[in-house]
Amino acid sequence: MPATTFNKPVNSTKLIWYFIIGWTVLNIIQATTLELQGDEAYYWMYSRYLDWGYFDHPPMVALFIRIGDMLMHNELGLRLFTVLLSSASIYLLWLTLKSYAVDALAFVLVVSGVFIFHIYGFTTTPDAPLFFFTVLFYYLYQKYLQTDKWGLAVLLGITIACLLYSKYNGILVVGFTLLANLKLLKRPSFWGIVVVAIVLFVPHIIWQANHNYPSINYHLYERSSDKYDIVNTFSYLPGQLLMAGPLIGWFLFYKAFTVKIKDAFIRCLLVNCVATLLFFFTSSYKGEVQPQWTFILFAPLVMLTLIRFKQSGGWPKWLLPLAIVNVSIIIVVRIIIIAGFGFARTYGHLKSYYGFKEWTQMVKQKAGDNYVVMTDGFQNPSKYNFYTNSLKCFAYDNRYYRATQYDIWPMEDSLQGKRVFYLSPVPLNGFTNDSIKNEAGKWYYNWVDNVRTYQKVSIETAPLKLTTVPGGKTTFDLKITNPYPHPISFADSGYTHPLILEYCFFRGDVQTEVVEAKSTYKKITLQPGESTHFNFPVISPLEKGDFNLIFSLRTEPFFGSKNSRVIKITVK
């Protein structure tokens, strides 16, 4: 393949700095003008309750948002650290590659053409700090390979801890790096890295233990699908090529995977890139793999590509115009999103960027200073809280949804016995069902007096997997625990809304059967932290197949909370 080195000298330092300045300005514009995406608002809620861990993720994103939000409470404040870390990551990539004397123009064209870099150049999720600490890890690791110093070992230990505090994917970077160079085990300073990283990460491990390991349960069990969907596998590689660049992604992977391994650092990059790609490809057999989950492989992908260009004496002449068109397409898409033109307001996840400021004011006008309860996930309640700069909206995680951090925060306690403004995505039987509608969507609203909910009550049982026959009877020993700082009663006397203990069968996302327990559960009263046992006979579905079983506590007009873990039932 013919190549060119573009021999005309370019002032590398100036070009890189011009690029980083332009990159930063573009990200600031987008961060300032675009409304929050739902997950970003959820992570802002994290920052209101700083802790060593959260249901879905470790806490680094919460800390970064908290600092930015303290400087300015707006979209830019929430995204400030993401914008700065994105630019810092690019500069660290350049510093890491300087020892390979890569071409500055090629660096700009390749980095600016990687689509996922644009997405997380302003979007604040755990992926933003994860990518920064991944790049910082490679920068320090390269130096550590050259010089075995205890100072570098301590910095690497701190960086690894920050990786893990950013997102659990960070463990793959560490594991694959060690796999690529087992000789590290012979270095005394390597064990210093291990000790520093573990000691710094212990608070998060303690948090997980104190909350019954919610992240492990969610990510490894409840998020996994029992049935293989071939679409997840076949869409995985095209998604990765798109994230690498709509026109040049295929070429980046080709060049990266044909690099010549001439030192331990290149071997580290190649192992991380290939192993991460294969790891998540294998994960597609257990469910959908979202494109950003592989974000950590794009740092080694870029470095390997540029190193390969240098090894082969340059890059193909045809790459320059293709790369320019590639980045032009991405920038045009970004401008369309910033301006809110055409498909931006109606397509997929993009539409969640528009209309929620107005929606918040519409809800606030009707709800006043009262608490608001929503049942369609954690994102919209979080947006309401952000745009009102309050903690007045609670996400009721019903049995049709999954558990979230709202099940852990001390927000539900504030609602008990109060009159709340209730927003639902569907009309409610027996209620007025007036509606609020704008481009963000349509919600039905009602006032609910004397609210009574038990979302945090824990119902534990074993086993979590069971094979039975159609109509088979299994008696479950339920351990019911009161996590609230006040006593609770399952009796209905003195309450406006009765409490119902039920088991629910689901097939996929569809509820197939609901059965109430015998009324003896109405005698249950629990002091704070107290537990009791209750035997609940469950009759399996008459239809054969795979089902999910949960135990739920329900009060009107809510749909019932998911109080137990999912029990997987196979009816044969």
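Everything quoted here is computed from the prediction, not taken from an experiment.

## Structural notes on the overall build of the protein
Across its full length, the protein carries 18 helices and 15 strands. Computed over its C-alpha atoms, the radius of gyration of the protein comes to 26 Å, within 12% of the 25 Å expected for a compact globule of 572 residues. Overall, the protein is about 85 × 55 × 45 Å in size when its C-alpha atoms are taken along their principal axes. A burial count over the protein gives 54% of its 572 residues as buried. Relative to all contacts within the protein whose residues are 6 or more apart in sequence, the contacts with residues 24 or more apart total 75%.

## Side note on the sheet that holds strand E14 (residues 545–555)
Strand pairing in a sheet is mediated by backbone hydrogen bonds. Such pairs are either parallel or antiparallel. With respect to topology, five strands assemble into an open sheet ordered E7-E15-E14-E10-E11, the strand pairing being mixed. Each end of this open sheet is capped by a strand with a single partner; those strands are strand E7 (465–468) and strand E11 (510–516). Taking each pair of neighbouring strands and ignoring which way they run, the sheet shows an average axis angle of 30 degrees. In terms of strand pairing, strand E10 (residues 499–507) meets E14 through eight bridges, oriented antiparallel. Looking across to E14, one finds that Tyr503 is bridged to Phe551.

## Observations concerning the pairing of strand E8 (residues 473–481)
In regular strands, side chains alternate between the two faces of the sheet. Where strand E6 (residues 458–460) and E8 come together, three bridges link them in antiparallel fashion. What sits directly across from Ser458, in E8, is Thr481. Two strands pair when backbone bridges link them, and E8 and strand E13 (residues 531–539) are joined in this way by nine bridges, in the antiparallel orientation. Directly across from Phe476, in E13, lies its bridge partner Phe536.

## Describing the sheet that holds E13
The three strands are arranged E6-E8-E13 in an open sheet whose pairing can be described as antiparallel. Two strands close off the open sheet at either side, each with one partner strand: E6 and E13. Pairwise comparison of adjacent strand axes, ignoring direction, gives a mean angle of 30 degrees for this sheet.

Rules and cut-offs
For every chain, the first residue of the written sequence is number 1, and numbering continues from 1 along that sequence. The model is predicted, so local features are restricted to residues of pLDDT at least 70 and side-chain atom pairs to those at 80 or more, both for listing and for counting; the totals for chains, interfaces and linings are taken over all residues. As a convention, hydrogens and water are excluded, and side-chain values are obtained from all of the structure's heavy atoms. In this description a helix means any DSSP run of H or I spanning at least four residues, a strand means any run of E spanning at least two, and both kinds are numbered starting from the N terminus. Two things to know: the radius of gyration comes from C-alpha atoms, and the globule rule equals 2.2 Å times the number of residues to the power 0.38. Partly exposed residues are those whose accessible area sits between 20% and 50% of the maximum for their type, while under 20% is buried and over 50% is exposed, using a 1.4 Å probe and protein chains only. It only takes one pair of heavy atoms within 4.5 Å for two residues to be counted as in contact. A pair of strands is considered paired only if DSSP assigns at least 2 bridges between the two. To get an axis, fit a line to the C-alpha atoms, keeping to the stretch in contact for a helix; angles then go from 0 to 180 degrees between the N-to-C directions.

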